[in-house]
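Topology and contacts: notes
Residues per chain are reported as follows:
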Amino acid sequence: MAVKLNDKHLSDFIGSNEYANIQPLVNAAHEMLVNKTGAGNDFLGWRTASCNYDKEEFARIKEAAKKIQKSCDVFIVTGIGGSYLGARAVIEFLKSPRYNNLKKDTPDIYFSGCNLSSSDMKELLEICEGKDVCINVISKSGTTTETAVAFRIFRDMLESKYGKDGAAKHIFVTTDKEKGTLRSFSDKSGYETFVVPDDMGGRYSVLSAVGLLPIAVAGIDIDELMAGAEAARTELTSADISKNDSYKYAAIRNILLRKGKNVEILVGYEPYLQMFSEWWKQLFGESEGKDNRGIYPSSVIFSTDLHSLGQYIQEGQRFLFETVMSIGQPDSEIVIPNDENNIDGLNFLSGKTLYDVNSTARTATVLAHNDGGVPNIVLDIKDRSAYSVGYMIYFFWLSCAISGYMLGVNPFDQPGVEAYKKNMFALLGKPGFEDRRAELEKRLK
């Protein structure tokens, strides 16, 4: 297995009888998921995303990626939430947070349409000056404000640069298969299109065209990514938490929540895990945070954040627990040199690798935080490979679904996300929101 759960740092917080006591609840959640009787069962396409996918589209994704690699210096992905987080997480995990600064034979990749910042847009437009640019707009409807505004701006830039017909060759669209504003506009404009599956929510869509096209453009082996997810799908099938680490992770989270641990901190010891943590936060936050329930998902990158949040985690209020990602098999070995004068007093580290020191820092921190009353789940990830990250994605998808059902919520909807949108539409003067605007303006006086 590419992901294994280590529970030895939980023995002071969870008794063996508690695992047995929660097993029936896990069994019930398992039955709802497998038999499709739980809430949101129309959005379970992720369960077979690694095996039951459109092979023709998959081949087109690879060909489009090659075309983009050959024709463009800059590739801009426009999308928000699940439409960009998964792809960015995988690219930074497997390549680097400094991907755009590395020597490579693939385009620089930037993400837009995930904010409404004029400063960010201005910088991106300046980056594009004098370069060949391709864009991938990702939106099921085509009317999501942040993404649609970015698409307008970049489409105008491309049409000014290449003309309408030329721009069409630089625009790739991932949207609904048959309906929606963006679908009809793309068909009319002659853009190459890919499909946002009907049966997957955004946070469960990275192994569809939503994430696979940007990932492939970065030169990542999407066959290996899918193979890792498929391995997880076939291995993580038992409802018995002693045999299924994904289910055990869900069970542990729910046991700790019942003990007042309502904040989970995902801990990484590598900067390349930062965007994966952001993807994880959306997955669990949007899936569980409803009906006044759920565990609040947070994240840190140690040892950097040990010098900012470490004090609070060690000795602050005891409402949190940590899930530590431990990546095995380093992809590089940097040896710490000896200093004859030992001016920093660190010659005891001479000859050791940074990986060894980082691993020791992880072990020391887990033990310290345990002593401070913080439960620690450790997830041992085999290596930094496309296969392992595919496995991780499915592992977390599955545990999130089970955990959500155990909490008694629908893990696949996000009704609260619509509230700000309606207020924004009203305040910006969108037709049909006049009454809401009047109400909001009264509240703002």
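Here we summarise the structure given alongside this text. (Residues numbered from 1 in each chain as written. Predicted model: local features only at pLDDT ≥ 70, side-chain atom pairs only at ≥ 80, totals over all residues. Heavy atoms only, no water.)

Points about the pairing of strand 3 (residues 108–112)
Within strand 3, four of the five residues are buried, which leaves it mostly tucked inside the rest of the structure. As defined by bridge partners, strand 2 (residues 74–78) adjoins strand 3 across five bridges and the pair is classed as parallel. Bridge pairing in strand 3 places Val77 opposite Phe111. Since strand 2 and strand 3 lie parallel, the crossover through helix 3 (residues 85–94) that links them has a hand, and here it is right-handed. (Buried < 20%, exposed > 50% of the residue type's maximum accessible area, 1.4 Å probe, protein only. Helix = DSSP H or I, 4+ residues; strand = E, 2+ residues; numbered from the N terminus. Pairing = 2+ DSSP bridges. Right-handed = clockwise from strand over helix to strand, strands pointing away.)

Considerations on the packing of helix 3 against helix 7 (residues 209–217)
Where helix 3 meets helix 7, the closest approach of the two axes is 8 Å, and the angle between their N-to-C directions is 30 degrees. Between helix 3 and helix 7, the interaxial angle falls into the category roughly parallel. Once helix 3 is placed against helix 7, the crossing between them reads as right-handed. Mapping the contact onto sequence places Ala87, Val90 and Ile91 in helix 3 and Gly211, Pro214 and Ile215 in helix 7. For the contact of helix 3 with helix 7, the per-class residue count stands at five nonpolar, one polar and no charged. (Axes fitted to C-alpha atoms, helices over the stretch in contact; angles between N-to-C directions. Parallel < 35°, antiparallel > 145°, perpendicular 65-115°, else oblique. Left-handed = near helix turned anticlockwise from the far one by under 90°. Contact = heavy atoms within 4.5 Å. Nonpolar A, V, L, I, M, F, W, Y, C, P; charged D, E, K, R; others polar.)

Considerations on the sheet that holds strand 8 (residues 296–301)
Spatially, five strands are ordered 1-10-9-7-8 in an open sheet, and the strand pairing comes out mixed. Strands at the two margins of the open sheet, each flanked by one partner only, are strand 1 (3–6) and strand 8. Going across the sheet, the axis of each strand differs from the next one's by a mean of 25 degrees, ignoring polarity. Bridge analysis of strand 9 (residues 320–327) against strand 10 (residues 376–381) gives six bridges, and the strand direction is parallel. Bridge pairing in strand 10 links Thr323 to Ile377. Each of strand 1, strand 7 (263–268), strand 9 and strand 10 touches helix 9 (residues 245–258); the most contacted strand, strand 1, lies at about 35 degrees to it. Sheet contacts for helix 13 (residues 386–407): strand 1, strand 9 and strand 10; angle to strand 10, the most-contacted strand, approximately 145 degrees.

Some thoughts on empty space enclosed by the protein
A probe matching the size of a water molecule, rolled over the atoms, marks out where space remains unfilled. For the coordinates displayed, the defined rule picks out one cavity of 30 Å³ or more. Lining the largest cavity we find Tyr269, Glu270, Leu273, Met325, Ser326, Ile327, Tyr355, Asn358, Ser359 and Arg362. Residue assignment for the lining of the largest cavity shows that the elements contributing at least two residues are strand 9 and helix 12 (354–371). Per element, the largest residue contribution to the lining of the largest cavity is four residues, and it comes from helix 12. When the residues that make up the lining of the largest cavity are grouped by side-chain class, the tally is five nonpolar, three polar and two charged. (1 Å grid on protein atoms, 1.4 Å probe; cavity = no way out; pocket = protein on both sides within 12 Å on 5 of 7 lines; lining within 4 Å. Points joined across faces, edges and corners; volume = space filled by probe spheres on them.)

Thoughts on the side chain of His9
Mapped onto the elements, His9 comes out in the loop between strand 1 and helix 1 (16–34). A residue is classified by how much of its surface remains accessible, and His9, at 14% relative accessible area, is buried. Sequence-distant contacts of His9, defined by excluding residues within four places in its chain, comprise Val366, Leu367, Asn370, Pro375, Asn376 and Val378.

Details of the packing of aromatic side chains
One pass over the full model with this rule turns up 25 aromatic pairs. Where Tyr249 meets Phe396, the ring centres are 5.8 Å apart and the plane angle is 75 degrees; that geometry is what we call edge-to-face. One end of the pair, Tyr249, is in helix 9; the other, Phe396, is in helix 13, with 147 residues separating them in the sequence. The exposure class of Tyr249 is buried, given its relative accessible area of 0%. Between Phe395 and Phe396 the ring centres are 5.6 Å apart and the planes differ by 90 degrees, which places this aromatic pair in the edge-to-face class. The same class applies to Phe395 and to Phe396, which are both buried. Arg155 extends its terminal NZ or CZ atom over the ring of Phe151, reaching a point 4.8 Å from the ring centre. One cation-aromatic arrangement involves Arg253 over Tyr249; the distance from NZ or CZ to the ring centre is 5.7 Å. (Phe/Tyr/Trp six-rings, centres within 6.5 Å; stacked < 30°, edge-to-face > 60°. Lys NZ or Arg CZ within 6 Å of the ring centre and 35° of its normal.)

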